[in-house]
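Spelled out from the first residue to the last, the chains are:
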Amino acid sequence: MLIDVKNLTFAYYGSAEPVFENLNLQLDTDWKLGLIGRNGYGKTTFLNLLRNKLEYSGKIISPVSFEYFPYVLEEKKTVREAVFSRLPHLEDWQLDCELSLLEVSDEIADRPFKTLSSGEQIKVLLAVMFLHENAFMLIDEPTNHLDAYGRTAVADYLKKKKGFILVSHDRDFLNRTVDHVLTIEKNKIYVQNGNYDTWEENKIRQDNFEIEKNIRLRKEIKRLKEAARQKAGWADLKEKTKSGQGPCDRGFISHKAAKLMKRAKNIERNANKVVTEKEKLLKNIERIEDIPMRPLHHHAKHLIEASALSVSYGGKKIFSPVDFSLEAGGVLSLNGKNGAGKSSILKLLMGEKIEFSGILKKAQGLKVSYIPQNFDFLKGPLFDFIEESNIDKTIFLTTLRKLNFPQDNFDKKMETYSGGQKKKVLLTHSICESAHLYIWDEPLNYIDVISRLQIERMILKYSPAIILVEHDKKFNEKVSTDFVELLPNP
């Protein structure tokens with residue numbers, strides 16, 4: 001069965017540019033689709049159009065209904081009560097079986113939904129969605145609050161399912177779950193067979209082809225424009241010869257000059273027409289721009305040294321003691337389940353008063369740049385934030401634009417920004433700071449795939465010293481030089 005999108009056009013009220021224009025698309029209801037695109041390019045908008053939540057022109061014809069994640073359950077009820085109020089035809093064994101596929105224990109079904117952890121809630125909501133009959137799932141960023149272990153469980157679950165569109169910026173997660181990729185770029189939307197790696201390989205190949213094609217076209221356009229200018233100059237010269245010099249047949253000269261000028265004007269007009277046609281062939285390529293970084297050099301061999309380090313709450317160690325050190329240019333990745341103490345180590349490094357045991361040394365005079373998990377404190381005008389940060393305004397805004405931050409949002413208050421936009425402000429702030437050490441707590445949450453590639457390439461090129469907590473497995477494998485696994489204290 002096919003979901004058929006015909007001549008779909010949609011623009012937000014007051015916007016000069018449509019999000020989609022005359023979009024035609026067919027999606028098989030058995031496909032496992034990964035939806036990829038920059039923040040702000042319309043991924044969630046597309047899902048809302050499928051759900052008929054927005055007014056549009058064109059047609060969306062679907063033989064199935066749509067279920068959307070984040071799915072909604074009544075928080076005060078137990079999971080079982082909340083599910084049966086939505087799906088009264090279900091039996092207990094069906095719910096228990098679906099939850100077990102996501103490695104959720106039986107007792108969770110009889111607890112109030114609001115008492116579950118973020119990871120447990122995500123698993124429950126996905127299980128309930130897939131209990132709907134004859135439905136196509138629209139899953140919008142389910143991994144933002146999942147640790148690496150939770151992502152593995154959800155990926156294994158989705159691998160066994162079919163009939164969904166998954167919006168995720170986690171490349172490894174996409175590789176494990178999808179068999180088709182739906183891509184939204186600023187001038188097109190298209191589907192291709194394969195997973196994320198297939199898409200990236202095809203994109204690089206296609207972009208290189210289009211760049212070479214653009215170079216050839218620009219050279220040809222330059223040559224044609226020069227030829228048109230020469231013809232125009234030639235026509236003007238012939239026009240001036242009509243006056244002639246000395247005794248001559250003025251009428252004949254005037255007639256001849258007029259014919260030559262008409263011919264030259266036609267040649268010029270045809271040349272300009274060819275130029276216009278060639279310019280239409282130029283592609284507005286979604287290029288992955290390099291982002292500069294300016295880390296500082298420190299004289300010490302080790303910037304950070306930890307020995308038998310553990311963090312405690314209420315006198316109880318929350319993870320087994322660990323040893324690690326960080327040198328200039330190193331990237332240390334802290335791994336562990338949610339609640340294992342990863343963020344606590346980062347906060348301890350930032351000087352917060354947290355109970356700990358063991359030894360933690362920091363090099364003297366260490367300048368640190370920090371990205372916290374939380375971005376709710378970002379409020380007020382962006383320009384005020386830049387000024388308070390004591391960062392060059394031009395450098396800050398240029399970096400933000402390279403991360404595809406909309407220029408229209410520069411004058412808006414930061415509390416109106418999306419999660420991805422707020423995270424890009426924090427990333428830009430840290431990238432533009434010159435520091436010896438960068439401490440980043442889940443820096444890629446809400447950040448699109450293209451921006452992740454930019455950050456990845458930046459780290460590999462400029463070699464800043466970083467201690468980070470990040471659940472993007474592919475990113476960690478690319479940039480990290482050392483890993484520390486936090487295990488529960490026995």
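Remember, predicted model here, so these are calculated numbers, not experimental data.

Colleague: Would you take a moment to explain the packing of aromatic side chains for this structure?
Modeller: Aromatic rings in a pair are described by how distant their centres are and how their planes are angled relative to each other. Within this structure, the stated rule accounts for 11 aromatic pairs. Ring plane angle 80° and centroid distance 4.7 Å describe the contact between Phe 10 and Tyr 12, whose orientation is recorded as edge-to-face. For Phe 10, a relative accessible area of 5% corresponds to the buried category. Judged by relative accessible area, which is 41%, Tyr 12 ranks as partly exposed. Between Phe 130 and Tyr 157 the ring centres are 5.6 Å apart and the planes differ by 85°, which places this aromatic pair in the edge-to-face class. Of this pair, Phe 130 sits in the loop between helix H4 (118-129) and strand E6 (135-140) while Tyr 157 is found in helix H5 (residues 148-159), placing the two residues 27 residues apart along the sequence. According to the relative accessible area criterion, Phe 130 is buried, its value standing at 13%. A relative accessible area of 1% means that Tyr 157 is categorised as buried. A connected cluster of aromatic rings, assembled from ring pairs, spans Phe 130, Tyr 157 and Phe 164. For Arg 51, the ring lying beneath its charged end belongs to Tyr 68, and the centroid distance is 4.0 Å.

Colleague: What is the right way to read the nonpolar core from this model?
Modeller: Buried together is how nonpolar side chains tend to be arranged in soluble globular proteins. Judged by nonpolar contacts, the single largest core of 45 residues is most densely connected at Leu 73, Val 124, Leu 126, Ile 139, Leu 158, Phe 164 and Leu 166. A total of 7 residues in this core trace back to one element, the largest contributor, which is H4. Beyond its immediate chain neighbours, meaning those up to four positions away, Leu 158 contacts Lys 32, Phe 130, Ile 139, Phe 164, Leu 166, Phe 173 and Thr 177. Membership of the second largest hydrophobic core comes to 35 residues, among which are Met 414, Ile 431, Ala 435 and Leu 444.

Colleague: Would you mind going over the pairing of strand E12 (residues 322-327) with me for this structure?
Modeller: Successive residues of a regular strand alternate their side chains across the two faces of the sheet. Only one face of E12 is covered, namely the one carrying Val 322, Phe 324 and Leu 326; the face carrying Asp 323, Ser 325 and Glu 327 has none of its residues buried. In the sheet, strand E10 (residues 302-313) pairs with E12 via 5 bridges, with the strands oriented antiparallel. Bridge pairing in E12 places Ala 306 opposite Phe 324.

Colleague: Got a minute to help me understand the sheet that holds strand E4 (residues 57-61) in this structure?
Modeller: Strands pair in a sheet through their backbones, by hydrogen bonds, and they do so in one of two ways: parallel or antiparallel. Spatially, E2-E1-E4 is the arrangement adopted by the 3 strands of the open sheet, whose pairing is antiparallel. Single-partner strands in this sheet number two, and they are strand E2 (20-28) and E4. Neighbour to neighbour, the strand axes of the sheet diverge by 10° on average, direction disregarded. Bridging between strand E1 (residues 2-10) and E2 involves 6 bridges; their strand directions are antiparallel. Looking at the pairing, Val 5 lines up with Leu 25 of E2. In the packing of helix H1 (residues 43-50) onto the sheet, the strands contacted are E1, E2 and E4, and the crossing angle to E2 comes to about 70°.

Colleague: Got a minute to help me understand the layout of surface pockets in this structure?
Modeller: By rolling a water-sized probe across the atoms, one finds the places where empty space is left. Reported here for the second largest pocket is a volume of approximately 420 Å³. What lines the second largest pocket is a set of 21 residues, and nearest its centre among them are His 145, Asn 338, Ser 343, Gln 373 and Glu 442. Among the elements that line the lining of the second largest pocket, the one with the most residues is helix H9 (residues 342-349), at 3 residues. Considered class by class, the residues forming the lining of the second largest pocket number 5 nonpolar, 12 polar and 4 charged.

Colleague: Teacher, can you tell me more about the sheet that holds strand E5 (residues 65-69) here?
Modeller: Taken in spatial order, the 6 strands make up an open sheet running E5-E6-E7-E3-E8-E9, and their pairing is mixed. Of all the strands in the sheet, just E5 and strand E9 (188-193) have a single pairing partner and so form its edges. If you compare each strand with its neighbour and ignore which way they point, the axes differ by 20° on average. Here strand E3 (residues 32-37) runs beside strand E8 (residues 180-185); their pairing, made up of 5 bridges, is parallel. Bridged to Ile 36 within E8 is Thr 183. Each of E5 and E6 is contacted by H4, which is oriented at about 175° to E5, the strand it contacts most.

Colleague: Help me understand the environment of Leu 360 in this model?
Modeller: Relative to the helices and strands, Leu 360 resides in strand E14 (residues 356-362). Under the relative-accessibility criterion, Leu 360 is labelled partly exposed at 21%.

Colleague: I tried to follow helix H3 (residues 92-101) on my own but got confused; where do I start?
Modeller: Side chains three or four residues apart in an α-helix point the same way, a direct result of the helix having 3.6 residues per turn. Buried residues of H3: Leu 95, Glu 98 and Leu 99, and no others. Across the axial projection of H3, the buried residues extend over an arc of 100°, all falling on one side. Two residues or fewer after H3 comes Glu 103, characterised by a positive phi angle close to 60°.

Colleague: Explain H1 here, please?
Modeller: The buried fraction of H1 is high, at 7 of 8 residues. Within the span of H1, buried status applies to Lys 43, Thr 45, Phe 46, Leu 47, Asn 48, Leu 49 and Leu 50. Immediately beyond the C-terminal end of H1, within one or two residues, lies Asn 52, with a positive phi of roughly 65°.

Colleague: Just checking my understanding: could you explain the pattern of salt bridges for this structure?
Modeller: Close approach of charged atoms allows side chains of opposite charge to pair. Taken as a whole, this structure holds 17 salt bridges when the rule is applied. Between Arg 111 and Glu 107 there is a salt bridge, with its nearest N and O atoms 3.5 Å apart. Glu 107 gets classed as partly exposed once you look at its relative accessible area, which sits at 44%. Here Arg 452 ties to Asp 472 by a salt bridge, and the two come within 2.7 Å at their closest N and O atoms. Of this pair, Arg 452 sits in helix H13 (residues 449-462) while Asp 472 sits in the loop between strand E17 (465-469) and helix H14 (473-479), placing them 20 residues apart in sequence. Residue Asp 472 is classed as buried on the basis of its relative accessible area of 0%. Salt bridges sharing common partners tie together Arg 80, Asp 92, Asp 96 and Asp 110.

Analysis parameters
Residues numbered from 1 in each chain as written. Predicted model: local features only at pLDDT ≥ 70, side-chain atom pairs only at ≥ 80, totals over all residues. Heavy atoms only, no water. Phe/Tyr/Trp six-rings, centres within 6.5 Å; stacked < 30°, edge-to-face > 60°. Buried < 20%, exposed > 50% of the residue type's maximum accessible area, 1.4 Å probe, protein only. Helix = DSSP H or I, 4+ residues; strand = E, 2+ residues; numbered from the N terminus. Lys NZ or Arg CZ within 6 Å of the ring centre and 35° of its normal. Core = buried A, V, L, I, M, F, W, Y, C linked by side-chain atoms within 4.5 Å. Contact = heavy atoms within 4.5 Å. Pairing = 2+ DSSP bridges. Axes fitted to C-alpha atoms, helices over the stretch in contact; angles between N-to-C directions. 1 Å grid on protein atoms, 1.4 Å probe; cavity = no way out; pocket = protein on both sides within 12 Å on 5 of 7 lines; lining within 4 Å. Points joined across faces, edges and corners; volume = space filled by probe spheres on them. Nonpolar A, V, L, I, M, F, W, Y, C, P; charged D, E, K, R; others polar. Arc of directions from axis to C-beta. Salt bridge = Lys/Arg side-chain N within 4 Å of Asp/Glu carboxyl O.

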